[in-house]
Amino acid sequence: MTNNVNPFTLFFDLANGKSNEKESSKRYVSNMKGIFHNEAALQQVVDEEDRLVYEFYELDLPQTEGNILFGTSIVYPGKVGDEYNMTKGHFHTILDTGEVYYCISGQGLLLMENPEGDWDTGEFKPGNAVYTPGRYAHRSINTGDEPLVTFFAFRADAGHDYGTIETKGFRKLVVERDGKPEVIDNPNWKDN
Ligand SMILES: O=P(O)(O)OC[C@H]1O[C@](O)(CO)[C@@H](O)[C@@H]1O
Ligand SMILES: [Fe+2]
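Every chain is numbered on its own, with residues counted from 1 as its sequence reads. To read the labels, note that chains go from A and ligands from 1, taken in the order they are written. Totals for whole chains, interfaces and linings use every residue, but because this is a predicted model, local features are given only for residues with pLDDT of at least 70 and side-chain atom pairs only at 80 or more, for both listing and counting. Where side-chain values are given, they derive from all heavy atoms of the structure, hydrogens and water being excluded.

Operational definition: UniProt positions are given in the numbering used here, feature names are shortened, and annotations may be inferred rather than shown by experiment.
An unreviewed UniProt entry annotates the protein as glucose-6-phosphate isomerase originating from Oceanobacillus jeddahense. Of the protein, the UniProt comment under Sequence similarities (unreviewed entry) reads exactly: "Belongs to the archaeal-type GPI family." In its Pathway (unreviewed entry) section, the UniProt entry covering the protein states "Carbohydrate degradation; glycolysis; D-glyceraldehyde 3-phosphate and glycerone phosphate from D-glucose: step 2/4."

1. Side note on the pairing of strand E11 (residues 137-142)
Selection rule: Buried residues are those whose accessible area, probed at 1.4 Å on protein chains only, stays under 20% of the maximum for their type, while exposed residues exceed 50% and partly exposed ones sit between those limits. Only DSSP runs of H or I with at least four residues qualify as helices, and only runs of E with at least two residues qualify as strands; both kinds are numbered from the N terminus onward. For two strands to be treated as a pair, DSSP must find no fewer than two bridges joining them.
Burial runs high along E11: six of the six residues are buried. Covered by surrounding structure in E11 are Ala137, Arg139 and Ile141 together with His138, Ser140 and Asn142, the residues of both alternating faces. By the bridge criterion, six bridges tie strand E8 (residues 108-113) to E11 in an arrangement that is antiparallel. For Leu111, the partnering residue across the bridge sits in E11 and is Arg139.

2. Let's talk about the UniProt feature "domain: Glucose-6-phosphate isomerase prokaryote" (unreviewed entry) in the protein
Here the UniProt feature "domain: Glucose-6-phosphate isomerase prokaryote" (unreviewed entry) sits at residues 27-178. Secondary structure content for residues 27-178 is 11% helix and 43% strand, and the end C-alpha separation is 28 Å.

3. Focus: the coordination of the iron ion (ligand 2)
This is how the line gets drawn: Distances up to 2.8 Å from the metal define which N, O and S atoms are donors, and 3.2 Å serves for Na, K and Ca; water is absent from the atom set, so sites may look incomplete.
Coordination of the iron ion (ligand 2) by the protein involves His90 (NE2), His92 (NE2), Glu99 (OE) and His138 (NE2), with metal-donor separations of 2.0 to 2.3 Å. Here the donor residues of the iron ion (ligand 2) share one chain and are spaced in sequence as H-x1-H-x6-E-x38-H. Residue His92 is found in strand E6 (residues 91-92), and its partner His138 is found in strand E11; the two are separated by 46 residues along the sequence. Across this residue pair, the class does not change: His92 and His138 are buried.

4. Thoughts on the site of ligand 1
Here is the rule we go by: One heavy atom within 4 Å of a molecule or strand makes the whole residue count as near it. By the criterion applied in these results, polar contacts are pairs of N or O atoms within 3.5 Å in which, for protein atoms, one can donate a hydrogen and the other can accept it, and in which residues neighboring in sequence qualify only through two side-chain atoms. Working definition of accessibility: Shrake-Rupley area with a 1.4 Å probe, residue cover restricted to the visible protein chains. Put simply, Ala, Val, Leu, Ile, Met, Phe, Trp, Tyr, Cys and Pro go in the nonpolar bin, Asp, Glu, Lys and Arg in the charged bin, and everything else, Gly too, in the polar bin.
Every one of the 14 residues lining ligand 1 counts as a neighbour, but Tyr54, Gly89, Glu99, His160 and Tyr162 are closest to it. The separation between an oxygen atom of ligand 1 and a polar side-chain atom of Glu99 is 2.6 Å. In this structure, His160 approaches ligand 1 through a side-chain N or O atom, which is 2.7 Å from an oxygen atom. In the complex, 98% of the free accessible area of ligand 1, which totals 370 Å², lies under the protein chains. Of all the secondary-structure elements, those providing two or more residues to the shell around ligand 1 are strand E2 (52-56), strand E7 (99-105) and strand E12 (148-155). Residues of the shell around ligand 1, tallied by class, amount to six nonpolar, six polar and two charged.

5. Things to note about the pairing of strand E14 (residues 172-177)
Judged from the six bridges that link them, E14 and strand E15 (residues 180-185) form a sheet pairing that is antiparallel. Directly across from Val175, in E15, lies its bridge partner Glu182. Linkage of E14 to E15, two consecutive antiparallel strands, is achieved through a turn of two residues, within which Asp178 is found at a positive phi near 50°.

Structure follows, in structure tokens:
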């Protein structure tokens, strides 16, 4: 059976992660309501200047088990309150789907947690490949001063479940304490 996809090559700039051949999806601070834990700090940023938090490339490949979705994700430096800029984060709809991220530039963490309550962080620094196994929700966090650029790949039929994180949040937050990243319990985390 053919899946109607021809071989192709895409360019991603090693300096900034961008592709000039595709349009990126962009998430601004105003798109992150209910995601950053400090709602007042978020509103203040939106009122002053609604800045770009992250962008990423999504391919329009058929979402079948034989295809692999891939692209770069660029999380810009900055904070909302004491929380570092980050992606929304998600589980995969097919929960047991892993994903790999390769850090091209910048520094940060991949925060991961599964429904059983296990959690971990992987370190993003240039050259590190961080693997998030099946069942783990994942969120990229920029703890540095430069854009955090990663390349990701996962099976194309996995799907994204954003609702669980939007409703419950992650169990953990990564915040700045004394100029350094620290993982703390999320005071707003809901159990159901
Ligand atoms: O999907 P989120 O949580 O907004 O984060 C975006 C990143 O996650 C991905 O969905 C991959 O897991 C990419 O499209 C992108 O790198
Ligand atoms: Fe994912």
